[in-house]
Amino acid sequence: MDFKKIFTVTDHRPYPIPNQFWIMKQVWLDLLFMHWKVPVEVIRKKIPKELDIDLWEGQAYLGIVPFRMEGIRPRFLLAVPWLSAFPELNVRTYVIKDGKPGVWFFSLDATNPIAVEIARTTFHLPYFNADMKCIRTNDKVEYHSIRKDNRGRPAELKMKYEAISDVYLATKGSLEHWLTERYCLYTSANENCYRGEIHHLPWPLRKASCEIEINQMGECHEITLPKNDPILHFVDRIEVGVFKLNKL
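Worth saying up front: this structure is predicted, and the values here are computed from it rather than measured. (Residues numbered from 1 in each chain as written. Predicted model: local features only at pLDDT ≥ 70, side-chain atom pairs only at ≥ 80, totals over all residues. Heavy atoms only, no water.)

### Observations concerning the overall build of the chain
Piece 1. Along its length, the chain carries four helices and 13 strands.
Piece 2. Here the C-alpha atoms of the chain give a radius of gyration of 17 Å, agreeing with the 18 Å that 2.2 N^0.38 yields for 248 residues.
Piece 3. Looking at the chain residue by residue over its 248 residues, the buried ones come to 53%.
Piece 4. Total accessible area computed for the chain in this model is approximately 12100 Å², and 53% of it derives from carbon and sulfur atoms. (Helix = DSSP H or I, 4+ residues; strand = E, 2+ residues; numbered from the N terminus. Rg over C-alpha atoms; globule rule 2.2 N^0.38 Å. Buried < 20%, exposed > 50% of the residue type's maximum accessible area, 1.4 Å probe, protein only. Areas by Shrake-Rupley, 256 points an atom, 1.4 Å probe, with all protein chains shown as cover.)

### What about the environment of Phe 33?
Piece 1. Within the secondary structure layout, Phe 33 lies in strand 1 (residues 24-38).
Piece 2. Taking the relative accessible area as the measure of exposure, Phe 33 reaches 0% and is therefore buried.
Piece 3. It is 15 Å that separates the C-alpha atoms of Phe 33 and Leu 225, two residues lying 192 residues apart in sequence.
Piece 4. Among residues more than four places away in sequence, those in contact with Phe 33 are Ile 64, Val 65, Arg 92, Thr 180, Trp 203, Leu 205, Ile 231, Leu 232, His 233 and Val 235. (Contact = heavy atoms within 4.5 Å.)

### Concerning the side chain of His 233
Piece 1. Within the secondary structure, His 233 is located in strand 13 (residues 231-247).
Piece 2. A polar atom in the side chain of His 233 sits 2.7 Å from the side chain of Glu 176.
Piece 3. Those residues in contact with His 233, other than ones at most four positions away along the chain, are Leu 31, Leu 32, Phe 33, Tyr 168, Glu 176, Leu 205, Arg 206 and Ala 208. (Polar contact = N/O pair within 3.5 Å; in protein donor to acceptor, adjacent residues only side chain to side chain.)

### A look at the state of the cysteines
Put plainly, a disulfide is one covalent bond tying together the sulfur atoms of two cysteines.
Piece 1. Applying the stated criterion to the full structure yields zero disulfides.
Piece 2. With no disulfide of its own, Cys 134 has Cys 210 as its nearest cysteine by sulfur position, at a separation of 14 Å.
Piece 3. Judged by its relative accessible area of 15%, Cys 134 is buried. (Disulfide = S-S within 2.5 Å.)

### Concerning the pattern of salt bridges
Piece 1. By the definition in use, this model includes 23 salt bridges.
Piece 2. One salt bridge in this structure joins Glu 197 and Lys 100, with 3.0 Å as the shortest N-O distance. Here Glu 197, found in strand 10 (residues 192-199), pairs with Lys 100, found in strand 5 (residues 100-110); they are 97 residues apart in sequence, far enough to count as distant.
Piece 3. Across the salt bridge formed by Glu 213 and Lys 158, the nearest N and O atoms sit 3.8 Å from each other. Pair noted here: Glu 213 is in strand 12 (residues 208-215) and Lys 158 is in strand 8 (residues 156-163), with a separation of 55 residues, a long-range link. (Salt bridge = Lys/Arg side-chain N within 4 Å of Asp/Glu carboxyl O.)

### Some words on the packing of aromatic side chains
Piece 1. As enumerated under the stated definition, the model contains eleven aromatic pairs in all.
Piece 2. Summarising the aromatic geometry, the rings of Phe 3 and Phe 7 are spaced 5.4 Å apart at their centres and angled 85° between planes, so their arrangement reads as edge-to-face. The pair formed by Phe 3 and Phe 7 is uniform in burial state, with each residue classed as buried.
Piece 3. Arranged with centres 5.1 Å apart and planes meeting at 90°, the rings of Phe 3 and Trp 22 form a pair that is edge-to-face. Of this pair, Phe 3 sits in the segment before strand 1 while Trp 22 is found in the segment before strand 1, placing the two residues 19 residues apart along the sequence. (Phe/Tyr/Trp six-rings, centres within 6.5 Å; stacked < 30°, edge-to-face > 60°.)

### What about unusual backbone geometry?
Piece 1. Despite not being glycine, His 124 shows a phi value in the positive range, around 55°.
Piece 2. Here His 124 lies in the loop between helix 3 (113-122) and strand 6 (127-137).
Piece 3. In this structure His 124 comes out as partly exposed when scored by relative accessible area, which is 25%.

### Focus: the pairing of strand 13
Regular strands have side chains that alternate between both faces of the sheet.
Piece 1. Direction of pairing for strand 1 relative to strand 13: antiparallel, over a ladder of eleven bridges. The residue of strand 13 that forms the bridge with Phe 33 is His 233.
Piece 2. The sheet contact formed by strand 10 and strand 13 spans five bridges and is antiparallel. When the sheet's bridge partners are listed, Arg 195 is paired in strand 13 with Asn 246. (Pairing = 2+ DSSP bridges.)

### Here's the deal with the pairing of strand 3 (residues 60-74)
Piece 1. Alignment of strand 1 against strand 3, held across ten bridges, turns out to be antiparallel. By the bridge assignment for strand 3, His 35 is matched with Gly 63.
Piece 2. Where strand 3 meets strand 4 (residues 86-97), seven bridges bridge the pair, whose relative direction is antiparallel. Bridged to Pro 66 within strand 4 is Leu 89.

### Description of the side chain of Glu 197
Piece 1. Taking relative accessible area as the criterion, Glu 197 reaches 5% and is therefore assigned buried.
Piece 2. At a separation of 3.2 Å, a polar atom in the side chain of Glu 197 contacts the side chain of Tyr 15.
Piece 3. For Glu 197, the residues in contact, after removing those within four places along its chain, are Arg 13, Tyr 15, Pro 18, Lys 100, Tyr 183, Cys 184, Gly 241, Val 242 and Phe 243.

Shown next as structure tokens:
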């Protein structure tokens, strides 16, 4: 589908698409959602009081999301090869404000120092520089990230993951739909909270399996992950439109 046409497909969204122009295009690839249940009180201490923790059946969740990005470009400009493609790693939870469920990022690691600084300044997001690799062979991905930014605690993720099913769409009202179908992020800076909207087609999910060798991404935020296996979902590719950040 032509990228501009994705903005005409909105029935899957939990609330209307923003009445403004998108400012950036991104393509996310080889993405793995990993989710664990975590205590609500642990998450509550780390989130601004202006935001409510979004819960599924009374339970909070932590997500760790390795993937790679390409085709990053501002509206009306072409992608620049040395700035528009790199691996990324997110640690996130779920919050809600004014009836809009969204994502709160504890950290975002990336390999591109320029992109890291732009994101920290423009979107007030806790990006950190890292050495990373994301290599896909058929449906298998080898992923390794080591943070090298002294603005955050040391953090490493080393793992392999793969898709093990065909593509499907999450059923509305299911846990996997609640975990993945979110169309805004929340962040804070200088005692102010902000919301940034995004838009994309429904997530083309695939079941997944993984082998984790090192995972310090909860520990670096003083969050202990349970010993049980995470809930896993794999996504081959999705195009995303990003809107400007708005103060709440």
